[in-house]
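# Fold and contact review
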Amino acid sequence: MGVTFDAPTLIATKRDGHRLTDAAIDWLIGAYTAGTIAEEQMAALLMAIFLRGMDAGETARWTAAMIASGERMDFCDLGRPTVDKHSTGGVGDKITLPLVAVVAACGAAVPQASGRGLGHTGGTLDKLEAIAGFDPTLSTARLRAQLTDVGAAIFAAGALAPADAKLYALRDITATVESLPLIASSVMSKKLAEGAGALVLDVKVGSGAFMKSVPQANELAELMVELGAAHGVPTRALLTDMNRPLGATVGNALEVAEALDVLAGGGPDDVVALTVRLAAEMLALAGISDKDPAATLADGTAMDAFVAMVAAQGGDLSVPLPVAACSETITASAGGTMGEIDAMAVGMTAWRLGAGRSRPGQRVQAGAGVRIHRRPGEPVCAGEPLFTLYTDTPERFGPARAELDGGYRVVPDVPNTPTAPRPLIIGAIP
């Protein structure tokens with residue numbers, strides 16, 4: 001007779017610091033996916049995992065069980081190499097939008113299963129849905145055709161790792177997002193199930209990331225690289241800075257507009273630099289060595305690929321992006337130089353303005369967010385704009401300003417004291 005399990009016993013097992021067996025994990029994920037474990041029970045287990053952790057064996061089995069909860073795609077016969085990228089989440093991180101287009105323009109195919117906002121971080125699907133008509137739901141047949149024709153697709157995971165879709169939403173509202181094994185298993189279950197031949201991970205480090213320190217980020221990156229290798233998918237990770245927001249906008253439509261600027265050959269230097277570096281890593285893993293990612297931004301081929309991808313998914317870029325009904329500008333009280341801008345403060349400001357959600361399924365405001373007018377190291381004159389806040393609901397301005405207060409400073413100019421630039425790329429594994 002097989003072993004029988006029940007949720008309260010397994011919650012107590014992890015609460016008391018013991019490991020879950022492979023069979024117990026298989027039962028948990030299967031029962032939760034089927035709806036026979038209550039949300040409050042899984043919420044309790046997630047908190048126990050958050051507090052007690054999981055060892056490498058538990059994390060590997062948790063990941064495998066989530067992959068097994070749905071279908072696993074295979075694009076080996078697509079006719080071009082497949083490669084994907086995943087970011088662990090940051091503030092102003094719109095890199096996926098130009099990146100998939102750049103890589104597609106260089107000859108690879110990118111099946112990019114993406115998610116919605118999680119905590120203070122933005123979601124790629126939320127951003128893209130600011131484009132009129134954009135549909136992130138793709139059948140496997142339609143996905144395969146789009147990858148063949150266009151070379152890129154950004155889509156909702158759907159039947160991929162459905163257990164993770166439920167857990168992802170529950171983690172978002174139970175303060176368990178930052179658990180390292182839960183992050184690793186969430187990322188890798190979706191990415192391994194989507195069938196890409198190789199994977200590059202952008203592991204964010206700093207105040208606006210889930211990983212606050214380099215050692216913590218290294219641990220997560222190494223775990224995810226090992227999970228990829230164990231499933232036969234070559235995986236590489238970059239550690240990138242997230243102490244300050246990426247680019248000059250945070251929010252859904254605002255970030256789409258900035259991504260379009262990058263694809264048009266402009267945009268903020270840090271967004272361009274990270275797009276090009278990640279594209280180079282992806283192309284190397286895909287075996288493409290004769291293409292220059294930066295050239296696709298200059299010659300318009302990346303923009304062409306993005307426009308084709310959006311059109312294939314029903315999007316209409318000729319329709320103006322949504323604009324929030326209300327805005328409020330924060331100005332400098334004194335001149336000087338813009339000092340550091342705390343990514344977490346800006347991310348929480350955008351969340352308060354309506355760019356994120358506080359419960360599963362909640363609609364986000366497409367036009368809500370923050371525009372950063374002066375970035376670290378740039379000169380500031382008294383009275384000029386530093387930030388503009390956008391929302392459809394003006395009662396949100398007060399809480400949003402409170403989040404931003406103390407998250408930046410203007411430093412008085414001191415002669416002959418140049419500031420050293422913060423490195424964007426911190427490290428790589430392997």
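Our subject is the structure that appears above.
All of the points below concern the structure found in this document. (Residues numbered from 1 in each chain as written. Predicted model: local features only at pLDDT ≥ 70, side-chain atom pairs only at ≥ 80, totals over all residues. Heavy atoms only, no water.)

## Topic: the overall build of the protein chain
So the rule is basically this: Numbering of helices and strands runs from the N terminus, with a helix taken as a DSSP run of H or I at least four residues long and a strand as a DSSP run of E at least two residues long. We compute the radius of gyration from the C-alpha atoms alone; for a globule the expected value is 2.2 Å times N to the 0.38, where N is the number of residues. Any two residues whose heavy atoms approach within 4.5 Å are treated as being in contact. Areas reported here follow the Shrake-Rupley algorithm with a probe of radius 1.4 Å; residue values treat only the protein chains shown as occluding.
Along the protein chain, the regular secondary structure elements total 16 helices and 13 strands. Computed over the C-alpha atoms, the radius of gyration of the protein chain is 21 Å, within 12% of the 22 Å expected from 2.2 N^0.38 for a compact globule of 430 residues. Taking the principal axes of the C-alpha coordinates as reference, the protein chain spans close to 75 × 50 × 40 Å. Contacts in the protein chain between residues at least 24 apart in sequence constitute 80% of all its contacts with a sequence separation of at least 6. Summing over all exposed atoms, the protein chain offers an accessible surface of approximately 16700 Å²; the carbon and sulfur share of this is 55%.

## What about the pairing of strand β1 (residues 84–87)?
Operational definition: A simple rule labels every residue: compare its accessible area, found with a 1.4 Å probe on the protein chains alone, to the largest value its type can have, and call it buried under 20%, exposed over 50%, or partly exposed in between. Strand pairing is defined by DSSP finding a minimum of two bridges between the two strands.
Going residue by residue along β1, you find Asp84 and His86 tucked away on one face and Lys85 and Ser87 tucked away on the opposite face as well. Inspection of the sheet shows β1 paired to strand β4 (residues 199–205) by four bridges, in the parallel sense. In the strand pairing of β4, Asp84 is matched with Leu199.

## Some remarks on the layout of surface pockets
Heads up, the condition is: A 1.4 Å probe that fits into a set of points on a 1 Å grid over the protein atoms alone but cannot get out defines a cavity; an open set with protein on both sides within 12 Å along at least five of seven lines defines a pocket, and lining residues are those with an atom within 4 Å of a point. Grid points are joined across faces, edges and corners, and a volume is the space filled by probe spheres set on the points.
For the second largest pocket, the calculated volume is near 570 Å³. What lines the second largest pocket is a set of 27 residues, and nearest its centre among them are Gly115, Arg116, Leu125, Asp126 and Arg357. Ranked by residues supplied to the lining of the second largest pocket, first place goes to helix α8 (residues 162–172) with five residues.

## Looking at the packing of α8 against helix α9 (residues 180–193)
Going by this rule: All axes are obtained by fitting lines to C-alpha atoms, using only the stretch in contact for helices, and the reported angles, taken between N-to-C directions, cover 0 to 180 degrees. Crossings are classed by handedness, with left-handed meaning an anticlockwise turn of the near helix from the far one by less than a right angle and right-handed meaning a clockwise turn. Asp, Glu, Lys and Arg are counted as charged, while Ala, Val, Leu, Ile, Met, Phe, Trp, Tyr, Cys and Pro are counted as nonpolar; the rest, among them Gly, fall into the polar class.
Interhelical geometry of α8 versus α9 gives an angle of 145° and a closest axis separation of 10 Å. Classified by chirality, the crossing of α9 by α8 is left-handed. On the side of α8, the interface is formed by Asp164, Tyr168 and Arg171, while α9 contributes Leu182, Ile183, Ser186, Ser189 and Lys190. A breakdown of the residues in the contact of α8 with α9 according to their chemical character gives three nonpolar, two polar and three charged.

## Some thoughts on empty space enclosed by the protein
With the rule as written, the count across this model stands at three cavities of 30 Å³ or more. If you go around the largest cavity, you meet 25 residues; those closest to its centre are His86, Ser87, Thr88, Gly89 and Tyr168. Those elements that provide at least two residues to the lining of the largest cavity are β1, β2 (110–114), α8 and α9. Broken down by element, the residue count for the lining of the largest cavity peaks at four residues, all from α9. Of the residues in the lining of the largest cavity, the class split is six nonpolar, 14 polar and five charged. Counted as a void, the second largest cavity has a volume near 130 Å³. Forming the boundary of the second largest cavity are 20 residues, of which His120, Thr121, Gly122, Val250 and Ala355 lie nearest the centre.

## What to know about the environment of Arg396
Relative to the elements of secondary structure, Arg396 occurs in the loop between β11 (385–391) and α16 (397–404). The sequence separation of Arg396 and Gly354 amounts to 42 residues, and the corresponding C-alpha distance is 7.8 Å. For Arg396, the residues in contact, after removing those within four places along its chain, are Trp351, Arg352, Leu353, Gly354, Gln365 and Thr391.

## Description of the sheet that holds strand β9 (residues 369–372)
Strand pairing in a sheet takes place through backbone hydrogen bonds and is either antiparallel or parallel in direction. With antiparallel pairing, four strands are arranged side by side in an open sheet as β6-β9-β11-β7. Both outer strands of the open sheet, β6 (249–251) and β7 (326–331), are each paired with one neighbouring strand and no more. Neighbour-to-neighbour, the strand axes of this sheet turn through a mean angle of 15°, independent of strand direction. Relative to β9, β6 runs antiparallel, the two being bridged by three bridges. Each residue of the ladder has a partner; that of Gly251, found in β9, is Gly369. Along the sheet face, α16 touches β7 and β11 and points at about 140° away from the line of β11.

## Describing the nonpolar core
Convention followed: What makes a nonpolar core is a set of buried Ala, Val, Leu, Ile, Met, Phe, Trp, Tyr and Cys residues whose side-chain atoms join them at distances within 4.5 Å.
Of all hydrophobic cores here, the largest spans 65 residues; its most connected members are Val103, Phe306, Met309, Val346, Val370, Phe387 and Leu389. Those residues in contact with Met309 that sit more than four places away from it in its chain are Val100, Gln146, Val150, Ala152, Ala153 and Ile154.

## A closer look at the sheet that holds strand β8 (residues 336–341)
What the three strands build is an open sheet, ordered β10-β8-β12; its pairing is antiparallel. Strand pairing shows two members of the sheet lacking a second neighbour, β10 (379–380) and β12 (408–411), which therefore form its edges. With two bridges joining them, β8 and β10 adopt antiparallel strand pairing. Across the sheet, residue Gly336 finds its bridge partner in β10, namely Val380.

## Some thoughts on the packing of aromatic side chains
Defined as follows: Each Phe, Tyr or Trp ring (for Trp, its six-membered ring) is paired with any other whose centre lies within 6.5 Å, and the angle between the two planes then decides the class: stacked below 30 degrees, edge-to-face above 60, tilted in between. For a lysine, the NZ atom is tested; for an arginine, the CZ atom; a charge sits over a ring if that atom is within 6 Å of the ring centre and within 35 degrees of the ring normal.
Enumeration over the complete set of coordinates arrives at two aromatic pairs. Taking 6.1 Å as the distance between ring centres and 35° as the angle between the ring planes, the aromatic pair formed by Phe5 and Trp27 counts as tilted. Here the residue Phe5 occupies a position in the segment before α1 (7–15), and Trp27 occupies one in helix α2 (residues 22–34), the gap between them amounting to 22 residues. Accessibility expressed as a relative area gives 24% for Phe5, which makes it partly exposed. A relative accessible area of 29% means that Trp27 is categorised as partly exposed. The ring of Tyr32 carries Lys166 above its face, with NZ or CZ at 4.2 Å from the centroid.

## Thoughts on the pattern of salt bridges
Pairs can form between side chains of opposite charge once their charged atoms are near each other. For clarity, the threshold we go by: By definition, a salt bridge exists where a carboxyl oxygen of Asp or Glu is found within 4 Å of a side-chain nitrogen of Lys or Arg.
Counted according to the given criterion, the structure contains 26 salt bridges. With a closest N to O distance of 2.8 Å, Asp202 and Lys204 form a salt bridge. Comparing Asp202 with Lys204 shows no difference in burial state: the two are buried. Residue Arg422 is joined to Glu340 by a salt bridge in which the shortest nitrogen-to-oxygen separation is 3.2 Å. Note that Arg422 is positioned in the loop between β12 and β13 (425–429) and Glu340 in strand β8, a separation of 82 residues in sequence. Take Glu340: its relative accessible area is 35%, and that puts it in the partly exposed class.

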